[in-house]
Amino acid sequence: MRHQQLLSPYYLFFLALSLFAERTSAQNPIIRDQFTADPTARVFNGRIYLYPSHDIPVAEGARKDWFCMADYHVFSSDNLTDWTDHGVIVSQEDVPWGNPSGYAMWAPDCVEKDGKYYFYFPNAPKSGRGFAIGVATSDLPDGPFRLESKPIVGTSGIDPSVLIDDDGSAYIYWSGMGIRGAKLKNNMMELDGELQEVKMPRREGMPEMPPMKVGGQQMEGLPEGFKEGPFAFKRAGRYYLTFPWVREEGGTETLAYAMSDSPLGPWTFKGLIMAEHANRCWTNHHSLVEFRGQWYLFYHHNDFSPNDDKRRSVCIDKVTFNADGTIQEVKPTLRGVGIISATSRIEVDRYSAASEGVTTALNDTVYPFLGLHASLPKKGSWMTFGDVDFSMITDGYVMLCVKADENTELTLREKSAKGKVIARAKVTVKSEITRPGMPTPFRRDQSGQWLTLTVPLDYTPKGIADLVVTCEGTAVSVDWVQLRNRQQYFTPVAKNTASAKPDEHGFIRRWQLMEPQKQDIRSNVIFTDSWLRKTFADELDKLPKKAKWYAMESPTYNMKLFRFAEKYGSQAYGNLFWCETVFDCTEDISDVRLAAGSNGASMWWIDGQEVLLLEGDRRMVVDDGVSHRLTLKKGRHTLRCAVINGPGLSDMCVRFIDEQGKPITNFNIQ
Amino acid sequence: MRQICRPIINGFSFNLLTINILTFLFFPSSLFTNRVAAQTGAPYIHDPSTIAECDGKYYTYGTGGGGLISEDGWNWHSGAERPGGGAAPDVLKIGDRYLFIYGATGGGLGGGHNGRILTMWNRSLDPQSPVFAFTTAVEVASSDGMEDCDAIDPCLMLDPTTGRLWTTYGTYFGAIRLIELDPKTGFRVKGNVEKDVAIDCEATDLIYRDGWYYLLGTHGTCCDGVNSTYNIVVGRSRAVTGPYLDNVGRDMLQGGGRMVIAASDRVCGPGHFGRTVIDEGVEVMSCHFEADFERSGRSVLGIRPLLWRDGWPEAAKPFKGGAYSIISVRRGYSLELAVDFVRIQQERQAFWRIDPNTPVHPIAPQQLSDVVDTWPQGEIAIRCSDYMMRPHQHWTITPVPEAGGYLGGQYCKITISDTERALATTADLELTTVPAFTGAPEQLWRIEQLTDGYYRLLPKAIPGREGINTRFVLFSAADSTPTLAEWDFNSDNAKWKLDAQ
């Protein structure tokens, strides 16, 4: 059975995604690489742990169009946004009493008592119908868990939830012919009290079933209508029993709750925690947990499977309690909770608020975990993504993954749709013909395709701010937005800085770089020896007196002149770079060679004498060419180079090497 | 390539290029007779993917979309299909499916350096196949346009020692990067962080051989026709993650690389390496040549024997027809007709009696006409003996264009020089010569240079056996006795030297 599944590429997708413990930074849904449902969240040792059911596509031989759950994963987080998947903790094949192909691993729970973790889970037994509730134990919240050989006697049902009272007494609740509750014995694995014989309801056309022995008691005071998935907790001395509830005939599940002064009721029904899902996703299932002073509702919704509500995904939203202990109804949000770093992928389709007409959809209907995107239908449409942390952005730019049918424009703003512009991105999907009649082999119509645009920031918000995406033209779709800091290519060298040695491999990293001299070079095929000699001689003659020089140190062995031009030049491509460095030898160094490489052609002079020419359309290679043997006399020397490049990533590296090719390092660079 | 293309499009060196091409067109091409360099048909492609096989046909995919198909590996024509456009794809068969990887963008052309690498699957390469359908392409890597990388030109390598799937990508804009993919899905392995392994390369490829990982990259300038300086270099590493060092110990991160192939034989500008192992010890490399001097300087598919010298790959020259002696590697004996040895007449004196001051004169070699009348008329058997520069040991190997070809070469006839007497295979896997070449498949030979530089020779067919022969090669049963036997790279009995006369 397992092996047959492996043949399905769809299954392989999930397998591949689940092979490695992985952190995902998440908005709602919070787990974005697999389905998760029925979340029970617990706080252990200051960290939040999530024990959900694990929906998978319907397995071979399992009931079609039904839930399918073969194992449990556990996830954890310390900030509610970055979740680590600790992998499978219990699988249906490993349960000694279970049906290895039952696919009925419904809502679990996990509690800690006296340093030991008890994982409760429903499962189909090896034989007979119905369900039973099993236990597995561990010394750590993420396992490994040891499975008990038998299920808990008297628990014929699903969706266990365990409450440990202040006095250490434990109570278990489950769903099976209504919601039942029972006290657990001290061993946490047996029901306290006698079992009762319960008559099984007779099914139409089926033989009468023998009565069943069931423990605990029916929870009283709950409303009429279908109920399942109990989750019980205690807050401020009051007991809460919360549960999915179908309040109307033909309806879908809400989340509802009742309160009591004792753990097993009777209960007073209080109302809803969350109304039915707007898209009629039939189930909902939940838990409530307090983490760092704030209460959160964990629940599920079928975001990654909009056409099949039996593959679900866990979401989180904040919960507020009234002074009398009642719970304010929670409206589900896409944004969820937590602060999202500006340098993580911000899934803006999970917006906190949006203008009318903004829609979201899956990027790919076959592979749902390729995520969702939002579409802004017209000029003026906007969506706000709350609580983005910009504090780490110093020299930033932003990437936007966007799609459009026509050329359009969008902006990122702070706070509101009229807020300060962080960045403005033109979306050009149909490029204009620059010159009629010229070949355009790579010009393509990119309408309807996902493009990743990169644009500089006009403004960087301070600290935590709301990010707003606005449409400034025709319709545009946005998958994600991500900020990054620019790499630092040079460090300016302050005046009066102490002299430096070349690096351990002999490379000279400290230079005076003249501001790039713009050149009209369309192609490097012109870089012949004679052209270069003439050009460099002419340029040297008219070396601009007023040009600005920059003292720069490179963190790498090479000087990335292209990046220098990008920052200090009028254009990045098509430049002549004059570079100079002064060094002192404390003794004569004989029989050395200047060894250089350059992207673009280059010429090298020592004390005004040409020592090396690298001609042609070159890429930078260490020790690409060397000078004749030289003697560097004791005293001061000037090394000058000119690098010229048209459409290339201008770059150079240089060092002195000896007869054996070993670097020379015994001189000081001023 | 991306560096030079933009100016060409803008017009400046485009004019230069046109002038060069025109100059060339007026050059009398009859001066160049040995036309063997590239494949036949219409093998026009840029950045060919590693050659893939599907249902007995060969496929390679190029920049821009589409690709070439060949039924025999020699005659190539367009017709392969790949959606998505962009630059420099690669294809690899994994299980019963083909994984495609390609750069969806143009590497600075028509936009910036926001590159995207995508993968997709197909169950067939044959557009006519009922199972031919691409899965949705999935992004596995990207570059943001600001960083020192442009995510185009990807390759695929399935590590035979671990089963892990690796990709390098990038171009002259910054670094070449290594990432790991999941061979079951073609997706990026979760949590995998890209690693820089080289600079200043385009169209890289990764291969594994004998404990070494090899990173092949294209240096030089492309897209300048007959003036393109594209060339393929290599570095190697004991670990797939590098460092990739060249033969003088220079890291490819510092521009290092040892030449694998440059211009030769009327083609220039080789780029985009791909390795195909045909048999143990029989390998070819595929690439494109920026310009085929026989085809108006157009960019064409090239397939060359791949040699391994001291653990370094080197492209061999394409096999040319011509006059050869065929020497067994077993003992060094020469393949010859089993005919009477005819002595060359000469005046002789005992060497110790010769006055050293006696003038010398050249002795004419034995001519075919001196001996041919002593040979039987019908079939003549074949044997091996020490090479004596005699006509019955001199063979002329001539491509037979109408006989088609195989991966990288075309079938040849092997005749005694200046005669029509042709080497042929018999139904009982022995050898003979027939008085005249008839074009029969048992008289046609596939000649492949081996990774060690020697050759193997296979008859196209064996009388009485179905199909094209790929099993039986010319083989030394004994020092003096050639036969046909199954290919065995580890036996010198299966290998031959071809010494040009």
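Here is what the cut-offs are and how they apply
- Residues numbered from 1 in each chain as written.
- Chains lettered and ligands numbered in written order.
- Predicted model: local features only at pLDDT ≥ 70, side-chain atom pairs only at ≥ 80, totals over all residues.
- Helix = DSSP H or I, 4+ residues; strand = E, 2+ residues; numbered from the N terminus.
- Rg over C-alpha atoms; globule rule 2.2 N^0.38 Å.
- Buried ≥ 20, exposed ≤ 12 C-beta atoms within 10 Å, placed from the backbone.
- Contact = placed C-beta atoms within 7 Å.
- Domains from an automatic or database assignment.
- Pairing = 2+ DSSP bridges.
- Axes fitted to C-alpha atoms, helices over the stretch in contact; angles between N-to-C directions.

**Student:** So what exactly am I meant to see when it comes to the overall build of chain B here?
**Tutor:** Within chain B, the secondary structure is distributed over 3 helices and 35 strands. At 26 Å, chain B has a C-alpha radius of gyration in line with the 23 Å of a compact globule built from 501 residues. Projected onto its principal axes, the C-alpha positions of chain B cover 85 × 55 × 45 Å. Counting over 501 residues, chain B shows a buried share of 51%. Nonlocal contacts in chain B, meaning residues at least 24 apart in sequence, comprise 56% of its contacts between residues at least 6 apart.

**Student:** Looking at this structure, how should I read helix α4 (residues 561-568) of chain A?
**Tutor:** Residue pairs spaced three or four apart in an α-helix point in one direction, given the helix's 3.6 residues per turn. Of all the residues in α4(A), the buried ones are Leu561(A), Phe562(A), Arg563(A), Phe564(A) and Ala565(A). Residues of α4(A) that are buried make contact with β35 (510-514), β37 (549-553), β38 (575-585), β44 (635-645) and β45 (651-657) of chain A.

**Student:** Explain the domain arrangement of chain B to me, please; I cannot follow it from the model alone.
**Tutor:** When the parts come together, some accessible area is lost, and that loss is often what is quoted as the size of the interface. Residue and element names in this part refer to chain B. For chain B, the domain assignment lists domain 1 (2-24 + 33-315) and domain 2 (322-342 + 366-500). Here domain 1 and domain 2 have C-alpha centroids that lie 36 Å from each other. Across the boundary between the two partners, domain 1 contributes 19 residues, which contact 16 residues of domain 2. Counting residues per element, the ones that place at least two in the side of domain 1 that touches domain 2 are β18 (267-279), β19 (282-292) and β20 (298-309). Top contributing element to the side of domain 1 that touches domain 2 by residue count: β20, with 6 residues.

**Student:** Help me understand the sheet that holds strand β16 (residues 231-237) of chain B, please; the structure alone is not making it clear to me.
**Tutor:** Backbone-to-backbone hydrogen bonds join strands into a sheet, with any given pair of strands oriented parallel or antiparallel. Residues and elements named next belong to chain B. On the basis of which strands lie adjacent, the open sheet formed by 4 strands has the order β14-β15-β16-β17 and antiparallel pairing. Only two strands of the sheet have a single neighbouring strand rather than two, namely β14 (202-209) and β17 (258-261). Ignoring which end each strand starts from, the neighbouring axes of this sheet average 35° apart.

**Student:** Hey, could you run me through the pairing of strand β5 (residues 75-80) of chain B in this one?
**Tutor:** Residues in a regular strand project their side chains so that they alternate between the two faces of the sheet. Residues and elements named next belong to chain B. Two strands pair when backbone bridges link them, and strand β1 (residues 40-41) and β5 are joined in this way by 2 bridges, in the parallel orientation. The residue of β5 that forms the bridge with Gly41 is Trp76. Examined bridge by bridge, strand β4 (residues 67-70) and β5 share 4 bridges and lie antiparallel to one another. Of the residues in β5, the one forming a bridge with Ser70 is Trp76. Counting the residues in the hairpin turn of β4 and β5 gives 4 residues, including Gly73, whose phi is positive at 90°.

**Student:** When you look at the sheet that holds strand β10 (residues 157-158) of chain B in this model, what are you seeing that I'm missing?
**Tutor:** Residue and element names in this part refer to chain B. Taking strand neighbours across the sheet as the criterion, the 4 strands line up as β10-β11-β12-β13 in an open arrangement whose pairing is antiparallel. Where the open sheet ends on each side, the last strands, each with one partner, are β10 and β13 (195-199). Note: strand β11 (residues 165-169) against strand β12 (residues 175-181), 5 bridges, orientation antiparallel. The partner of Thr168 across the bridge, within β12, is Leu178.

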